[in-house]
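Single-letter residue listing:
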Amino acid sequence: STQSTGAKGYTQMNTSASLLTILLVLAIISITTSTKTRYDHHKVVRAYLTKDQQRVLETFELDVWSDNLAIGFNDIRVSPDQLNLLDKLNVTYQVMIPNVQNLIDEEELSLASKKAPGDFFDTYQRYSAIVAYLQQLSESYPQITTFIPTIGTTIENRNIPALLISVELGKNISKADKNTIFISGGQHAREWIAPATVLYILTELLSQYGTDPAITAIINEFNYVFVPLVNPDGYEFTFTTTRLWRKNRRNNGGGVYGVDLNRNWDYKWGGAGSSASPSSDTYRGTAPFSEPESTALSNLFLKTGSIVGAIDYHSYSQLILRPWGDTTTNPPNNANLVELGNIIRTAILNAGGVPYTSQKSIDLYATTGSASDWYFFNTVEYSKYAYTIELRDTGKYGFVLPLSLIHISEPTRQAEISYAV
C-alpha cells in the first residue's frame, strides 16, 4: 500500500515536471515564432575606437548602447556582418553580451512567469498598468497627491500621465509658494528600468510620508512633479514588436519611424550628438519640439511654479551627469552642481547601491537638444540644479536588465532625499 502510494506520487511528480517542461518549450516556441524583431547572434561589444574608425562607423548608423568615447570606448550592438566590419577596420573590442537574443528570450520567460498578481516592482509593467498605478497612488494618498490623467497625447494618441505631490493641494501648483522638484523618465523606449525607478521613488516618498522624518520633511518643504513615462508609444512598441526600440513612433515616411525625444528639446537643438537622418537613433526631428511628447513635458514644466531642480532618468552606465552637454564652459553654479552630484553618488553608495560616477555631460559625449540641459536653463535663477541620471548597469546586461535587479534601484531613494535637501 505504501509502495503503491509512493509510485503514484512519483508518477504525479513526473507528470507535473513533464507538463512544466512542455509549457516552457511552448513559451520558447511562441517567442521564436512571433513577429517580434529578433537579434539572434547579435553581440554587444565594447569597442575602443580611433577617430578615423569612429568617422567610418558613423556612416553605418550602428546601434550604440552606451557612448563613452570621451573615456575611450562605445558599447555597440552588432550583427555578424557588422562584427566582420569591425574586424576589417581592425577595431579593438571585447564582447560584453555574446548573444543579445538569449538575454531577450530569458527576459520574455521572466515576464511570462510574473503574470500573476504580486509586488508591482517584481516585473516591468506595461503602459496601462503604469497609468492605473498612478491613479491608485493618488487614491491612496488623496491629501498630498493629484493625479493628472494627461499632460498631452502622443503620436499614437496615448495619454501621458503625471502625479503631483504637494501638501498645498488647495493651491494651483503654478502659484504655490513652495519650490518644486521635477522628475521625468522613459524618454527612451527601451530603457525599462527608468520608468520603474521613477515609480519606485514616487512610491517610497508617498508610503514613508508621515513615518520617515527625512521624507516627511522634504515633502513638507517641496512640491514634486513626477512624469514616469514620457514615451508611451515607443515603450509599448518594445513590448509588442521591437525590444530595443529607442525613439517615439513618428512616421518619417519611407518606412522609417521615430524621433529621439531627448534630442528634440529647443536648448541648442540641432547641434553635436544629434542627427538629421530620420533613420538614426539620435534623429532630432524636423524642428525643436516637433514631437507632442517633448512639447507636453516642456509645457508642464513651464506652467509649474518655482522649479529649483530636475532629474531625467535613463539607462545605462551608472552616471550622474550635470550640464552642459554641448560645451566645456562651466555653468555659473558649477561648484554647487559638482557638490550635489557627489552627494547623490555617495548617498547611493551608502544605501547599499553600486558605484556611480558624477561628471559633466560633455565629458562623456556631446549632446544637444536634451531635456536636462533645457531643464537647467529653465529652472529659477536663484537655484539651478538639473541632472541626467543613467541607471544600472555598466554593460553586463545593458538595456535588458533582469527583473531581479528592479529592486536594486532602491538606493536611488536615498539619492532623491539628498537631492531635495
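It should be noted that the structure appears before, not after, this text.
Rules used in this analysis
- Residues numbered from 1 in each chain as written.
- Predicted model: local features only at pLDDT ≥ 70, side-chain atom pairs only at ≥ 80, totals over all residues.
- Heavy atoms only, no water.
- Helix = DSSP H or I, 4+ residues; strand = E, 2+ residues; numbered from the N terminus.
- Buried < 20%, exposed > 50% of the residue type's maximum accessible area, 1.4 Å probe, protein only.
- Contact = heavy atoms within 4.5 Å.
- Areas by Shrake-Rupley, 256 points an atom, 1.4 Å probe, with all protein chains shown as cover.
- Pairing = 2+ DSSP bridges.
- Axes fitted to C-alpha atoms, helices over the stretch in contact; angles between N-to-C directions.
- Salt bridge = Lys/Arg side-chain N within 4 Å of Asp/Glu carboxyl O.
- Expected span 1.5 Å × (residues − 1).
- Arc of directions from axis to C-beta.

S.K.: Any chance you could explain the overall build of the protein here in plain terms?
M.R.: Looking only at helices and strands, the protein features 12 helices and 14 strands. Within the protein, the fraction of its 421 residues that count as buried is 54%. Taking as baseline every contact in the protein between residues at least 6 positions apart, the subset at least 24 positions apart corresponds to 76%. As displayed, the protein has an accessible area near 18000 Å², and 53% of this comes from carbon and sulfur atoms.

S.K.: How should I be thinking about the sheet that holds strand 3 (residues 73-78) in this particular structure?
M.R.: Backbone-to-backbone hydrogen bonds pair the strands of a sheet. The strands run either parallel or antiparallel. The 4 strands are arranged 2-3-1-4 in an open sheet whose pairing can be described as antiparallel. Two strands close off the open sheet at either side, each with one partner strand: strand 2 (63-68) and strand 4 (92-97). Ignoring which end each strand starts from, the neighbouring axes of this sheet average 25° apart. In the packing of helix 3 (residues 80-88) onto the sheet, the strands contacted are strand 1 (43-48), strand 3 and strand 4, and the crossing angle to strand 3 comes to about 140°.

S.K.: Any chance you could explain the sheet that holds strand 7 (residues 179-185) here in plain terms?
M.R.: One open sheet holds the 8 strands; their spatial order is 5-6-8-7-11-14-12-13, and the pairing between them is mixed. Strand pairing shows two members of the sheet lacking a second neighbour, strand 5 (145-148) and strand 13 (357-360), which therefore form its edges. On average, each strand axis in the sheet is tilted by 20° relative to the strand beside it, whichever way the strands run. By the bridge criterion, 3 bridges tie strand 12 (residues 319-322) to strand 14 (residues 385-391) in an arrangement that is antiparallel. Looking at strand 14, one finds that L321 is bridged to T388. Contacts between helix 5 (residues 127-140) and the sheet are confined to strand 5 and strand 6 (162-165), with strand 5 contributing the most and set at about 150° to the helix. The strands touched by helix 11 (residues 371-378) within the sheet are strand 7, strand 11 (307-315) and strand 14, with strand 14 carrying the most contacts at an inclination of about 160°.

S.K.: Sorry if this is basic, but what is going on with the pattern of salt bridges here?
M.R.: A side chain of one charge can pair with a side chain of the opposite charge when the charged atoms of the two come close. If you walk through the whole model with that rule in mind, you get 16 salt bridges. Residue R158 is joined to D233 by a salt bridge in which the shortest nitrogen-to-oxygen separation is 2.9 Å. Of this pair, R158 sits in the loop between strand 5 and strand 6 while D233 sits in helix 8 (residues 232-240); the two residues are 75 residues apart in sequence, bridging distant segments of the chain. Since its relative accessible area comes to 23%, R158 is described here as partly exposed. Accessibility expressed as a relative area gives 1% for D233, which makes it buried. The salt bridge involving D260 is made with R263; its shortest N-O contact spans 4.0 Å. Per residue, the accessibility class of D260 equals that of R263, and both read buried. Salt bridges here are not isolated pairs; linked through shared partners, they connect R38, D40 and D105.

S.K.: Would you take a moment to explain unusual backbone geometry for this structure?
M.R.: Excluding glycine, residues mostly have negative phi values, and the peptide bonds linking residues are mostly trans. A cis amide bond links S315 to the next residue, Y316, at an omega of 5°. Note on placement: Y316 falls in the loop between strand 11 and strand 12. Note that the residue after P323, namely W324, is joined by a cis bond; omega there is 0°. With respect to the secondary-structure elements, W324 resides in the loop between strand 12 and helix 10 (334-350). Notably, K268 is not glycine yet its phi reads approximately 55°, a positive angle. Residue placement: K268 occurs in the loop between strand 10 (256-257) and helix 9 (292-303). Positive phi, normally seen in glycine, also occurs at S306, with a value near 50°. Tracing the chain through its elements places S306 in the loop between helix 9 and strand 11. Taking relative accessible area as the criterion, S306 reaches 24% and is therefore assigned partly exposed.

S.K.: Please explain helix 10 as it appears in this structure.
M.R.: Owing to its 3.6 residues per turn, the α-helix aligns residues three or four sequence positions apart on the same side. Helix length check: helix 10, at 17 residues, gives a terminal C-alpha distance of 24 Å against a target of 24 Å (1.5 Å per residue), a fit within 8%. N334, L337, L340, G341, I344, A347 and I348 are the residues of helix 10 that are buried. Viewed along the axis of helix 10, the buried residues span an arc of 150°, placing them on a single side of the element. Counted as exposed and oriented over 90 degrees from the buried face of helix 10: A335 and N350. Positive backbone phi, at 95°, marks G352, one or two positions downstream of helix 10.

S.K.: Got a minute to help me understand the environment of T328 in this structure?
M.R.: As for its placement among the helices and strands, T328 is situated in the loop between strand 12 and helix 10. When the C-alpha atoms of T328 and S361 are compared, they prove to be 9.1 Å apart, with 33 residues separating the residues in sequence.

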